[in-house]
Amino acid sequence: MTAGRLSSRLAWYARRLSAMSTAEVAHRVGELARKRSARLVQPGWARFDVGDGPLPVFPVAIDPALADADLLARWDRVAELAMARRHHFLGREWPPAGEASLWHFDPCSRREWPRDRYCFDINYRHSDVYGDVKYVWEINRLQYLQPIAALAARTGRAELGAFVSDEIAGWIADNPPFHGINWPSGIEMALRAISVLVATRLVGDDAFSPAARRSIRAFLAATGTWLRRYPSRFSSANNHLIAEAVGLYVIATACPDLPAAKSWRAYARRVLAEEADRQFHADGIGAEQSPTYTAFTLELYLTAARVGQAAGDPLPQAVLQKLAAVGEALTWFMDENGAVPRIGDDDEGRVIVSDPDADRHYVASVVSAAAAVCDRPDIAPPAAPPHLRDLVFGRRLAPVKGVGVRIFPEGGYTVLRDLVHGRQLVLAMDHGPLGFLSIAAHGHADTLAVWLDYGGKALLADAGTYLYHAGGAWRDAFRGTPLHNTLSIGGESSSLVSGAFNWKTKAQARGLAVDERLDAFSCAAAHDGYRARFGVAHARLLRRLSADTFHIEDRLDGAAAPTETVAISFLSGEGVDIRATDRPGTFDFVADGLPLMRLAGPQGWAATLESGREAGRLGWRSPCFGVKVPSAQLVFRGSAPPGGTMRTEMRLL
C-alpha cells in the first residue's frame, strides 16, 4: 500500500471513529474479531451443502402474461445485449473482459478485483487501482437476469432459460464463499439473492439440473449465514440494514428447510418492524433525505410485505400504514409526469429490475406498487411506465394530485402544489436535517434550497449525485451548497464534507414558520451552518405575492456582514435553458422554445451564467449515476447588506 493510500485509509477511519458512540466502537471491535476469525474458515461451497431439495424460488407468483408489447420489447433488448456480453450499467459500457472474470472486472480501470483474497482484506473504499466498487458490484447484483427470465417464461424460449441458469452457475463457481470483492457488502448479497430467486421463479425447474438446484441452495445458505453474522448497525444502520433483513426474510421463506431459516425469518421480521419508524420520519419523509433512497427503502419493505402476504405471514399492520404514508409523502413532490426532484444521493439502487438502463420514473413506479400492496389507491402516482415491478406488487395509477400546501415538519420540507396559467406547479423548500444517523451518508448540503417544477419541466432542479468512492472533489461538489438552489458564502458549503459519506459539520435548520393559505403562502426558516466560520445565520423567506409571482428573501443575521462574496444560485433541469433578457439582472427559464419563468436577482448584484465550468465545478447536473452533463446555472454574487434583505423574484409565465 502506498503512503498516500495508507494516509487516506487512516483518515477515513479517524472520521468514522469521530462519528461513533462508545457502544458502536465496542461493536466494531467485536465485529472485527469475528471477521478475523472467519478468515480461517476453509474456502469452498462444501461447508454450505445442505443436500438435495426443491428449487428455491421467489415466494410471490409472477405472471409474465400481464406484460404488454412494449415491456416485452425492452426485455428482448436486455436479453440480446446481455447474451452478447454488451452490458451497460450506471451510465457505463462494459468493455470485453478478456481473460478476466466478468464478476470481478471493473469497466473503468479495466482491472480485475482480487478473486482469491478474503473479502474483508480487500480495501474497496480507498482503492486508486481498481476503480469505484459500485461498478463491479452493479453487475454482480445479477438483476439483468430478472427481465431475461421473465421473457423466457413468457415466450418459452429455452435458450433464455439456459442463459439464466448458466449465469447463476457461473457466478457460484467463480465466487466461493467469503472470498473476492462480492462478499464484503450485505446489501449486495441480499439484492443478488433476491435476483436469483426471482429468476428461478420465472424460468422454473426445467432450466436447472439437480446439481444446479443443490448449488443454489448452498449459495442461499452461505448468503444467509454471512448476512446474519455481520448486520449493519449503529451509524451503518440505514437502507443497508433493511436490505439485509429483507434478503434474510426472502431466503428463509423461499428455502424454509435451511437449518437457520426459522431464526433468520424471526430476526428479519423483528428488524423490519422496529426500523420502520427509524428509516422513515413520522410525516412519511425518508430519513436519508432523498426521494430515490426513500423509494429504494420503500421497495425493499414492499418486497418483504408481498412475500409475507404470499406466505401467510403478513407484516404488522402498523408497518403497512407507515409504507402508505411514505408513498403519500412522495406523491407531494411528484409532477404530472411522475418525476420528483433528485434531492440528496441517488445511486440507482433497485430491487426489481425491468431494464437496467431505463428506470427513470423509479419513484413513481414504487409508489404505484405501494398503492397496490397497501390497498391505498388514493396515494397512486399520476404516471409510471409499465414495469416488471407491476407483476410482482401490482399497479395503481391515479389523477394528478390536487392543489394545496403540505408541511413535513420532521422530514423538513414544505411543498406547494397549484395550477398557474393552466400548468401544474410544484414548489418545495428544504428546512430539515442533513441526513440519517451520525454520518448522514446520503444527504447533501442543501439546507433552505428550493426546487420548482412547472408544466412538467424542472425549472429549478437538483444537481444529483454523479459518483461515490471514485468521485473525489466531484463527489464533494455535487454534495456541496454552491451547486444547489440556495445561498453560499465564499464558495463554501453550509455543511462541510469529511469524506465521501461523512460530514465535519452539519447545518441545523430552525425557526420554521409557514402560512398554509394557498393564495398567501409563505415559508420561513434559518440555519446555523455559517455561524462558526462567518458569524452569521442564513435566513430565507419564500412567499407568494400573487398567483404567478414568488419572492425569495435571503438575509444574513449576525453582528456584522461577512466580507466574503455571497452567492445565490439557481440550477436548471433537463431541457431547460436560461437566457438573459433586455433588463439587467433578469433572466428567462426556457423549455421547448417557450419562456416559462422570469427570474430577477438581488438589485445591483452581478449575474453570471455557468455551464460545465471545471474551475469551481459550477453548471453541472448528474442525470444518472456515473454521468455528469453541463447544465445552465444562474449565479448572483454580491455583498450582503448588514441585516438587509437580498430579494429574488420569480414570475411564472
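Summary of the structure given here.

Rules and cut-offs
Residues numbered from 1 in each chain as written. Predicted model: local features only at pLDDT ≥ 70, side-chain atom pairs only at ≥ 80, totals over all residues. Heavy atoms only, no water. Pairing = 2+ DSSP bridges. Helix = DSSP H or I, 4+ residues; strand = E, 2+ residues; numbered from the N terminus. Axes fitted to C-alpha atoms, helices over the stretch in contact; angles between N-to-C directions. Buried < 20%, exposed > 50% of the residue type's maximum accessible area, 1.4 Å probe, protein only. Contact = heavy atoms within 4.5 Å. 1 Å grid on protein atoms, 1.4 Å probe; cavity = no way out; pocket = protein on both sides within 12 Å on 5 of 7 lines; lining within 4 Å. Points joined across faces, edges and corners; volume = space filled by probe spheres on them. Expected span 1.5 Å × (residues − 1). Bend = angle between axes of the 7 residues up to and from the residue.

**Looking at the sheet that holds strand E20 (residues 633–638)**
- The 4 strands lie next to each other as E8-E13-E20-E17, forming an open sheet whose pairing is antiparallel. Looking at which strands have only one partner, the edges of the open sheet turn out to be strand E8 (487–489) and strand E17 (606–610). In this sheet, neighbouring strand axes are inclined to one another by 25° on average, regardless of whether the strands run parallel or antiparallel.

**Digging into the sheet that holds strand E12 (residues 549–558)**
- Sheet architecture is open: 8 strands sit in the order E9-E10-E11-E12-E21-E16-E15-E14, paired in antiparallel fashion. Because the sheet does not close on itself, it has two edges, and the strands there are strand E9 (509–515) and strand E14 (576–580). Mean inter-strand twist for the sheet, computed between neighbouring axes without regard to direction, equals 15°.
- As judged from the 6 bridges shared by strand E10 (residues 522–527) and strand E11 (residues 536–546), these two strands associate in the antiparallel manner. Looking across to E11, one finds that Ser-522 is bridged to Arg-543.

**Some words on the environment of Phe-219**
- Inspection of the secondary structure puts Phe-219 in helix H8 (residues 210–229).
- Judged by relative accessible area, Phe-219 falls into the buried class, the value being 1%.
- Each C-alpha atom of the pair Phe-219 and Gly-170 lies 12 Å from the other, and the pair is 49 residues apart in sequence.
- In this structure, Phe-219 is in contact with Trp-45, Trp-171, Ile-172, Arg-192, Ala-193 and Val-196, ignoring residues within four places of it in sequence.

**Some words on the layout of surface pockets**
- Estimates place the volume of the second largest pocket at around 1,200 Å³.
- Val-340, Arg-342, Arg-360, Glu-574 and Pro-623 are, among the 49 residues lining the second largest pocket, the residues nearest its centre.
- It is strand E18 (residues 620–624) that provides the largest number of residues to the lining of the second largest pocket, a total of 4 residues.

**Considering helix H10 (residues 261–279)**
- Between its first and last C-alpha, H10 extends 25 Å over 19 residues, near the 27 Å set by a 1.5 Å rise per residue.
- The sharpest bend along H10 comes to roughly 25°, located at Ala-273.
- For H10, the set of buried residues is Ala-261, Trp-264, Tyr-267, Ala-268, Val-271, Leu-272, Glu-275, Ala-276 and Gln-279.
- Elements in contact with the buried residues of H10: H8, helix H9 (239–254), helix H11 (291–310) and helix H12 (317–332).

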